[in-house]
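As a plain string of letters, each chain reads:
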Amino acid sequence: MGGPAAVASGDVQGYAHLIDRSKPWYKNRRLLVLNGWLALLLITSSTNGYDGSMMNGLQSLEQWRKAFNYPTGSMLGLLNAIQNIGCLAAYPFSPYVTDGLGRRAAVALGAIIMCAATILQTASHSVGMFIGARFLIGFGLTFAAAAAPVLITEIAYPSQRGQATSLYNSLWFLGSIVAAWTTFGTFHIPTSWSWRIPSALQATPSVVQVFLIWFIPESPRWLCSKGREDEALQTLAYYHANGNAEDPLVEYEFEEIKAAIKFDREVAANVGWLSLIRTPGNRRRLRIMVAIAFFSQWSGNNLISYYMNKVLSGIGITDPDTQLLINGILNIYNFLFAILGGLLCDKVGRRPLFIISTCGMFVFWTLQTTCYALYSETGNVAAGHTFIAMIFLFYAFYDIAFTPLIVSYTVEILPFAIRAKGFTVFNFALTLSLIFNQYVNPIALDAIAWKYYIVYLCWLAFEVLFIYMYLIETKNRTLEETAALFDGDDTAQRLAEEAARQAGVAASDNKSEGSEHIIEEVKI
């Protein structure tokens, strides 16, 4: 397959000299408004995070367990996995809604479905009704989650794009925190409202989006692809240059978008699903996307995310109050480290963060396995307590890369023509891996207990090797330049030069020195 894929220099940007640095972004009223709209899109991820943490918390509630006949094994796995099965059912349709009706319409459709499904879930009085409601939540989530990060990437201010998109997956933990502390707070309610209240609150982000999504600007790239170039230029000018359509940065962005869309149409008139494997560049993208999707779910993290009560019970912590408290604290801790990783992505780079993350996870998962084994075989209380500390240290390394970067990295390496379809494939792979984990994990833990940790230990060793060999650095580039890296340095250079020529602005000095200074690539 080849050696290390590529190492981008990361220090050159075709647009860097066009950024207005006369005042900080937070003193620019229209950038503040734009970032407010981005925040509305970011909370889509919170809906998903809320679900995982809520299901984790409900398993510690006697009222919920009693209402659904004390589910264990495969039934417990199904109750968790059914939401992602709903996600799978919607994947064949979501890219056509996102590309056909627009990014905003896809988010709105998903939010409406999730609102209706949450009402059904809250009113559930049988296992079948609860499972059906969770299926619909997953079905609606696919439409919103497929479009929201794409729209964030395509409307964000160029110098803030990496951080803004990285925050998308980080906000998973915001929903998780709310759910963890909500279930902790309702624990002592003696009626079914102890689990119905957390269930009802799951609709909050979707309700807000249904009413406000129409005020968010549509993607300029989508508008250009539909021949609505005047609207695209107006959107870029309004939010990126205070309404000045002749601003050099706006002209550069606009011309680069048009050049990229034209190029994509020239090399791939048919942008169907087979486009994802038709060229060497797209096959490289697909390999990395599918890999990080599986890595994000198969690193051992979901043992804690969905089955913490079983794991903690396995080391002697059986008190529901203590389990819920640990769950709540861990989610706050995860959120802080995920935000840190997202903010560092343009300073440290994507590749170093992924390498540090996988190496750290391997080390602390090894220590978790050791502590779990010691407690299980000898009853060593100190090993059990140390195991909890290892969970927190493991998550610190997971959170700096696999929470903030997997969505932003996937979206930015895909060219516009296949962005929606490629992101759907990424989500499909992620959901497939998650369903497998959610269904298999409780069965495996019951069957082989701590020995199941050894399976993840071997897999983490493979992750370290894969990330080192194949992950490409992408920091400090426009969206079009980043996507073009996989097609060769001459493509990235061509787009930058064409945009500069059409916009009538000078390319940066580093660009004019030749493409050999843009990227050092080892062909795969």
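Above this note sits the structure.
Residues numbered from 1 in each chain as written. Predicted model: local features only at pLDDT ≥ 70, side-chain atom pairs only at ≥ 80, totals over all residues. Heavy atoms only, no water.

What follows is about the overall build of the protein chain. Looking only at helices and strands, the protein chain has 25 helices and 2 strands in total. Each of the 524 residues in the protein chain was classed as buried or not, and the buried ones make up 61%. Contacts in the protein chain between residues at least 24 apart in sequence constitute 83% of all its contacts with a sequence separation of at least 6. Split by element, the accessible area of the protein chain, about 19,100 Å² in all, is 66% carbon and sulfur. (Helix = DSSP H or I, 4+ residues; strand = E, 2+ residues; numbered from the N terminus. Buried < 20%, exposed > 50% of the residue type's maximum accessible area, 1.4 Å probe, protein only. Contact = heavy atoms within 4.5 Å. Areas by Shrake-Rupley, 256 points an atom, 1.4 Å probe, with all protein chains shown as cover.)

Right, let's talk about the pattern of salt bridges for a bit. Here the structure, examined in full by the defined rule, presents 10 salt bridges. Arg161 is the salt-bridge partner of Glu412, the closest N and O atoms lying 2.8 Å from each other. Here Glu412 is found in helix H20 (residues 405-413), whereas its partner Arg161 is found in helix H7 (residues 161-170), with 251 residues between them in sequence. Just as Glu412 is buried, Arg161 falls in that class too. A salt bridge links Glu255 to Lys258; the shortest N-O distance between them is 3.6 Å. (Salt bridge = Lys/Arg side-chain N within 4 Å of Asp/Glu carboxyl O.)

Our next topic: the side chain of Thr235. Mapped onto the elements of the fold, Thr235 is located in helix H12 (residues 229-240). Setting aside its immediate chain neighbours within four residues, Thr235 contacts Pro217, Glu218, Pro220 and Leu223.

Turning next to unusual backbone geometry. Most peptide bonds take the trans configuration, and most residues that are not glycine carry a negative phi. One non-glycine residue, Asn69, adopts positive backbone phi at about 65°. Positionally, Asn69 belongs in the loop between helix H2 (62-67) and helix H3 (73-90). A relative accessible area of 61% places Asn69 in the exposed class. One non-glycine residue, Asn242, lies in the positive phi region at around 55°. For Asn242, the position within the fold is in the loop between H12 and helix H13 (248-267). Classification of Asn242 by relative accessible area gives partly exposed; the value is 41%.

Attention now moves to helix H6 (residues 127-155). Compared with the 42 Å implied by 1.5 Å per residue over 29 residues, the 42 Å span of H6 between its first and last C-alpha is a close match. The sharpest bend along H6 reaches about 25° and sits at Leu141. Taken across its 29 residues, H6 has 23 buried, putting it largely inside the fold. (Expected span 1.5 Å × (residues − 1). Bend = angle between axes of the 7 residues up to and from the residue.)

Tallied over the entire structure, the rule returns 37 aromatic pairs. Relative to Phe436, the ring of Trp298 has its centre 5.4 Å away and its plane inclined at 50°; by these criteria the two rings are tilted. Of the two residues, Trp298 is situated in the loop between helix H15 (280-297) and helix H16 (301-314) and Phe436 in helix H21 (residues 416-448); the sequence distance between them amounts to 138 residues. On the basis of relative accessible area, Phe436 is assigned to the partly exposed category, the value being 43%. (Phe/Tyr/Trp six-rings, centres within 6.5 Å; stacked < 30°, edge-to-face > 60°.)

What follows deals with the packing of H15 against H21. Where H15 contacts H21, the two axes come as close as 8 Å, and the packing angle between them is 30°. Overall, the two elements H15 and H21 adopt an arrangement that is roughly parallel. The two elements H15 and H21 cross, and the hand of that crossing is right-handed. Mapping the contact onto sequence places Asn282, Leu286, Met289, Val290, Ile292, Ala293, Phe294, Ser296 and Gln297 in H15 and Ile418, Gly422, Val425, Phe426, Ala429, Leu430, Ser433, Leu434 and Asn437 in H21. A breakdown of the residues in the contact of H15 with H21 according to their chemical character gives 12 nonpolar, 6 polar and no charged. (Axes fitted to C-alpha atoms, helices over the stretch in contact; angles between N-to-C directions. Parallel < 35°, antiparallel > 145°, perpendicular 65-115°, else oblique. Left-handed = near helix turned anticlockwise from the far one by under 90°. Nonpolar A, V, L, I, M, F, W, Y, C, P; charged D, E, K, R; others polar.)

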